[in-house]
Amino acid sequence: MQDVFVPDLTGRLALVTGASDGIGLELAERLAEAGAELVLPVRNPAKGAAAAARIRAAVPGAVLSLGGSTSPRSTRSARSRPSCWPRAGRCTSWSTTPA
């Protein structure tokens, strides 16, 4: 895969759907290399755990968490929860799955 310039994302939160494999996983890894904190909403916990392990192996110190679903409804729901509001100002959303 061709390396693409990604600016310093330290302090930014990246919500990446489709990150359990394929291009979504590659994208999540690249964003972690750029310093972003990752949120990976996954449907399959085993694939999500494997993706997280791969990212952490490739990017020591990567900060990431796994969510429960990639449906547009659940993503909108997460954004509407008050506990997510303090982080909203630093969120960058990347989707590799159809809406």
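Just so it is clear, the structure is predicted and the values come from calculations on it, not from any experiment. For every chain, the first residue of the written sequence is number 1, and numbering continues from 1 onward in sequence order. Local features in this predicted model are restricted to residues whose pLDDT is 70 or higher, and side-chain atom pairs enter the listing and the counts only when it is 80 or higher, whereas totals over whole chains, interfaces and linings include all residues. Values reported for side chains reflect all heavy atoms of the structure, with hydrogen atoms and water molecules removed beforehand.

Digging into helix α1 (residues 22–33)
Line of reasoning, step 1. Under the scheme used here, helices are H or I runs from DSSP no shorter than 4 residues and strands are E runs no shorter than 2 residues, and both carry numbers assigned from the N terminus. What a helix is expected to span follows from its residue count: subtract one and scale by 1.5 Å. In a regular helix each residue adds 1.5 Å, so twelve residues correspond to 16 Å; α1 covers 17 Å between its end C-alpha atoms and thus fits that length.
Line of reasoning, step 2. Of all the positions in α1, only G24, L25, A28, E29, R30, L31 and A32 are classed as buried. Type-normalised accessible area, obtained with a 1.4 Å probe on protein chains alone, sets the label of each residue: buried when under 20%, exposed when over 50%, and partly exposed for intermediate values.

Side note on the nonpolar core
Line of reasoning, step 1. One finds V16, A28, L31, L38, L40 and I55 to be the most contacted residues of the largest nonpolar core, which totals 19 residues.
Line of reasoning, step 2. Within the residue set of this core, elements represented by two or more residues are β1 (13–17), α1, β2 (37–41) and α2 (45–58).
Line of reasoning, step 3. Ranked by the residues each element gives to this core, the list is headed by α1, at four residues.
Line of reasoning, step 4. Note on definitions: a residue-residue contact is assigned when non-hydrogen atoms from the two residues lie within 4.5 Å. Excluding residues within four positions of it along the chain, I55 makes contact with L25, A28, E29, A32, L38, L40, A62 and L64. Among the buried residues, those of types Ala, Val, Leu, Ile, Met, Phe, Trp, Tyr and Cys that are joined through side-chain atoms within 4.5 Å form a nonpolar core.

Topic: the confidence of the model for the chain
Line of reasoning, step 1. Residue-level confidence of the predictor is summarised by pLDDT, bounded by 0 at the bottom and 100 at the top. Chain-level statistics for the chain give a pLDDT mean of 78 and a share of 66% at 70 or above.
Line of reasoning, step 2. Per-element confidence in the chain ranges from a low mean pLDDT of 48 for helix α3 (residues 72–80) to a high of 96 for α2.
Line of reasoning, step 3. Per-residue pLDDT stays below 50 along residues 74–86; that stretch engages in nine contacts with residues further than four places along the chain or on separate chains.

Side note on the pattern of salt bridges
Line of reasoning, step 1. Put simply, a salt bridge is a Lys or Arg side-chain nitrogen that is within 4 Å of an Asp or Glu carboxyl oxygen. If you walk through the whole model with that rule in mind, you get four salt bridges.
Line of reasoning, step 2. Its salt-bridge partner being R54, residue E26 comes within 2.6 Å of it at the nearest N-O pair. Here E26 is found in helix α1, whereas its partner R54 is found in helix α2, with 28 residues between them in sequence.
Line of reasoning, step 3. Accessibility expressed as a relative area gives 36% for R54, which makes it partly exposed.
Line of reasoning, step 4. Across the pair E29 and R54 runs a salt bridge, and its minimum N-O distance is 3.2 Å. Residue E29 is found in helix α1, and its partner R54 is found in helix α2; the two are separated by 25 residues along the sequence.

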